[in-house]
Amino acid sequence: EDSQGKLAFTNHGATVANTTVSHAGRSYTVPALKVSTGKYLRCQFNKLASSEDVKTLFARGFTLEAMFVDRVRGNSVHGVVCGTQSGGWGLALRENGTPYFIVGENQENFYWDIDATAPASTTELTHLTAVYDPYMRMMYLYVNGQLAASSNRTSGYIYPGIGDTFNRFCLGADIKSGDSSPDFCSTDMLITDAKFYIGAFDSDQVRSAYEASVQEL
């Protein structure tokens, strides 16, 4: 569910159940979204009616959070919170499990991306925070509240996903147009939290967001 009521969901076989997870050596039993190959959650922003709406809103910058564990690595990218279709934005994992943050800029099929320094755990929850700051022309990726990567190569101009994907994304996969099966499906991922904020967080806000996510477990 979306606590702010700003998203519409289409569930493609994903399940939510109380699940035992761990983080930093402590165990918790919490509601978790389980996604696997061909099973994912498609999400849509209700009030973003056009690509221009997305460009206008995201020009203020945005911050993306996810807390998850990808329990089985495959030979392909795994989407965590992803809305990239020749543009857009997303958090995903490389084939070896390393988290990365990607943003479409300026024109179709033009991206900047940044990678963390190490693969995410396959047994414990990892908290990711991605920050896109168009004013400073910076993007940042934090892992468990600590800065893992940054880039000053960005232009500061978002290019939304093409077609009907401009206001859509997936949990546990990456969006595709229409009702097509998504790209980058996870094979066994648990997601306990995902948040999207308008505005670019600073490092103190990122740390506070991480600590709040842990307290919510």
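Let us look at the structure shown here. Please read these numbers as outputs of a predicted model, since none were measured by experiment.

Under the definition given, this model contains 8 salt bridges. Across the pair Asp-188 and Arg-71 runs a salt bridge whose closest N-O atoms are separated by 3.0 Å. With a gap of 117 residues between them, Asp-188 in strand β14 (residues 188-198) and Arg-71 in the loop between β5 (62-70) and β6 (78-84) connect regions that are remote in the sequence. Residue Asp-164 is joined to Arg-168 by a salt bridge in which the shortest nitrogen-to-oxygen separation is 3.5 Å.

Take the environment of Asn-46 next. Structurally, Asn-46 can be placed in the loop between β4 (40-45) and α1 (51-58). Between the alpha carbons of Asn-46 and Arg-73 there is a distance of 33 Å; along the sequence they are 27 residues apart. Apart from the residues lying within four places of it in its own chain, the contact partners of Asn-46 are Gly-5, Lys-6, Leu-7 and Ala-8.

A few words now on the packing of aromatic side chains. Considering all chains together, one arrives at 13 aromatic pairs under this definition. Judged by centre distance (6.3 Å) and plane angle (55 degrees), the rings of Phe-62 and Trp-89 are tilted. With Phe-62 in strand β5 and Trp-89 in strand β7 (residues 88-93), this residue pair connects regions lying 27 residues apart in the sequence. Comparing Phe-62 with Trp-89 shows no difference in burial state: the two are buried. Overall, Phe-62 belongs to the buried group, its relative accessible area being 0%.

Turning our attention to the side chain of His-127. Inspection of the secondary structure assignment puts His-127 in strand β10 (residues 126-133). Overall, His-127 belongs to the buried group, its relative accessible area being 1%. Looking at His-127, its side chain comes within polar contact range of the side chain of Ser-213, at 3.4 Å. Apart from residues lying up to four places away in sequence, His-127 is in contact with Glu-65, Ala-66, Met-67, Tyr-142, Val-143, Asn-144, Ala-209, Tyr-210 and Ser-213.

If you trace the 7 strands from one edge of the open sheet to the other, you get β2-β3-β14-β5-β10-β11-β12, paired in antiparallel fashion. Strands with a single pairing partner mark the edges of an open sheet, and in this sheet they are β2 (15-23) and β12 (146-151). Each adjacent strand pair in this sheet contributes to an overall mean axis angle of 35 degrees, direction not counted. Where β5 meets β10, 7 bridges bridge the pair, whose relative direction is antiparallel.

Looking now at unusual backbone geometry. Positive phi values are uncommon outside glycine, yet Asn-106 reaches one of about 70 degrees. Inspection of the secondary structure assignment puts Asn-106 in the loop between β8 (99-104) and β9 (111-115). The class of Asn-106 is partly exposed, set by a relative accessible area of 41%.

In this section: helix α2 (residues 203-215). Because an α-helix packs 3.6 residues into every turn, residues spaced three or four apart end up facing the same way. With 13 residues, α2 extends 18 Å from end C-alpha to end C-alpha; this agrees with the ideal 18 Å at 1.5 Å per step. Within α2, the full set of buried residues consists of Val-206, Ala-209, Tyr-210 and Ser-213. For α2, the buried positions fall inside an angular range of 100 degrees around the axis, keeping them on one side. Across α2 from its buried face, at more than 90 degrees, point the exposed residues Asp-204 and Gln-215. Of the residues flanking the start of α2, the one acting as N-cap is Asp-202, its side-chain oxygen 3.2 Å from the backbone nitrogen of Asp-204.

Calculation criteria
- Residues numbered from 1 in each chain as written.
- Predicted model: local features only at pLDDT ≥ 70, side-chain atom pairs only at ≥ 80, totals over all residues.
- Heavy atoms only, no water.
- Salt bridge = Lys/Arg side-chain N within 4 Å of Asp/Glu carboxyl O.
- Helix = DSSP H or I, 4+ residues; strand = E, 2+ residues; numbered from the N terminus.
- Contact = heavy atoms within 4.5 Å.
- Phe/Tyr/Trp six-rings, centres within 6.5 Å; stacked < 30°, edge-to-face > 60°.
- Buried < 20%, exposed > 50% of the residue type's maximum accessible area, 1.4 Å probe, protein only.
- Polar contact = N/O pair within 3.5 Å; in protein donor to acceptor, adjacent residues only side chain to side chain.
- Pairing = 2+ DSSP bridges.
- Axes fitted to C-alpha atoms, helices over the stretch in contact; angles between N-to-C directions.
- Expected span 1.5 Å × (residues − 1).
- Arc of directions from axis to C-beta.

Spatial relationships are all this shows, so hold off on functional conclusions.
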